[in-house]
Amino acid sequence: ATYDGAKMKVFVDGSVRVEPAPADAPPQADGSPAKARVSMVISVEGRRVALDPELRGGIAEDMRIFYDWFSPEGSIDLTGLFAFGPGPQDKFRSYIELEPLPGSSAKFVFFPYPVHDLTGKVVLDGADTYMRNLGGRNGDVKFSVPFGWFRDGQYHMAFRVVDCPIDQRLIDASPKAL
């Protein structure tokens, strides 16, 4: 299926497999017949997806913290895969890659110095979030985050800043404890 709206273009593809319960399968605990086994794989591809309140509202509540920490603006391309298997031990899995488009920006809540013209990727792998080769600028100042992760409310980021003057904008954005 394809949706081509003014804000974005989304492609959805997938498969659902239903395996009937074997004829000799024992009934369920309540005496009803054994259920069919269902598995599903859905892939999603989105182009020019706007980073706006509507998108934020569609993000799972436990993942919104990441969105809120960075206050992103602009738009992204995304690819995702969602799957679950037929067995009770098979859990739902999700994997989504987000790639900022030219003109996108972010401002980290703990260091609110805006970064514009973002590049790189953010990967949402289940409950884990990874940043890969993120970069951007603020005027002549260049920022890069070669790698970072967020998990269970904790985070780690390795970052590099080049050509950053120590001016009032930097001082205002710095944590007060510095």
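Note that this is a predicted model, so its numbers are computed, not measured.

Rules used throughout
Residues numbered from 1 in each chain as written. Predicted model: local features only at pLDDT ≥ 70, side-chain atom pairs only at ≥ 80, totals over all residues. Heavy atoms only, no water. Patch = residues over 30% accessible without salt bridge, like charges linked within 9 Å, V, L, I, M, F, W, Y side chains within 5 Å. Areas by Shrake-Rupley, 256 points an atom, 1.4 Å probe, with all protein chains shown as cover. Salt bridge = Lys/Arg side-chain N within 4 Å of Asp/Glu carboxyl O. Helix = DSSP H or I, 4+ residues; strand = E, 2+ residues; numbered from the N terminus. Buried < 20%, exposed > 50% of the residue type's maximum accessible area, 1.4 Å probe, protein only. Core = buried A, V, L, I, M, F, W, Y, C linked by side-chain atoms within 4.5 Å. Contact = heavy atoms within 4.5 Å. Phe/Tyr/Trp six-rings, centres within 6.5 Å; stacked < 30°, edge-to-face > 60°. Lys NZ or Arg CZ within 6 Å of the ring centre and 35° of its normal.

Draft legend 1. Seen up close, a nonpolar patch on the surface. Taken together, the side chains of Val 16, Val 18 and Val 38 define a hydrophobic patch exposed on the protein surface, amounting to about 250 Å² of accessible area. Note on placement: Val 16 falls in strand β2 (residues 9–19). Residue Val 16 is classed as exposed on the basis of its relative accessible area, which comes to 58%.

Draft legend 2. Local environment of the nonpolar core. Core analysis: the biggest nonpolar cluster contains 28 residues, and Phe 70, Leu 98, Val 122, Met 131, Phe 150 and Met 157 have the highest contact counts within it. Counting residues per element, this core draws most heavily on strand β7 (residues 111–125), at five residues. Beyond its immediate sequence surroundings of up to four residues, Phe 150 is in contact with Phe 66, Trp 69, Phe 70, Ala 127, Asp 128, Thr 129, Met 131, Tyr 155 and Met 157.

Draft legend 3. Molecular detail of unusual backbone geometry. The backbone of Ser 71 sits at a positive phi, close to 40°, despite the residue not being glycine. As for its position among the elements, Ser 71 is in the loop between α2 (64–70) and β4 (75–84). Assessed through its relative accessible area of 38%, Ser 71 is described here as partly exposed.

Draft legend 4. Highlighting the packing of aromatic side chains. In the structure shown here, the tally under the stated rule is 14 aromatic pairs. Ring plane angle 85° and centroid distance 5.9 Å describe the contact between Phe 108 and Tyr 155, whose orientation is recorded as edge-to-face. With Phe 108 in strand β6 (residues 105–108) and Tyr 155 in strand β10 (residues 154–162), this pair connects stretches of sequence that are 47 residues apart. Here Tyr 155 falls in the partly exposed class, since its relative accessible area comes to 36%. Between Phe 111 and Tyr 113, the aromatic rings sit 6.1 Å apart at their centres with planes inclined by 35°, giving tilted as the arrangement. Given a relative accessible area of 26%, Phe 111 falls into the partly exposed group. Take Tyr 113: its relative accessible area is 3%, and that puts it in the buried class. Three or more aromatic residues joined by ring pairs form one cluster here, namely Trp 69, Phe 70, Phe 108, Phe 110, Phe 150 and Tyr 155. Residue placement shows Arg 151 over the ring face of Trp 149; its charged tip is 5.1 Å from the ring centre.

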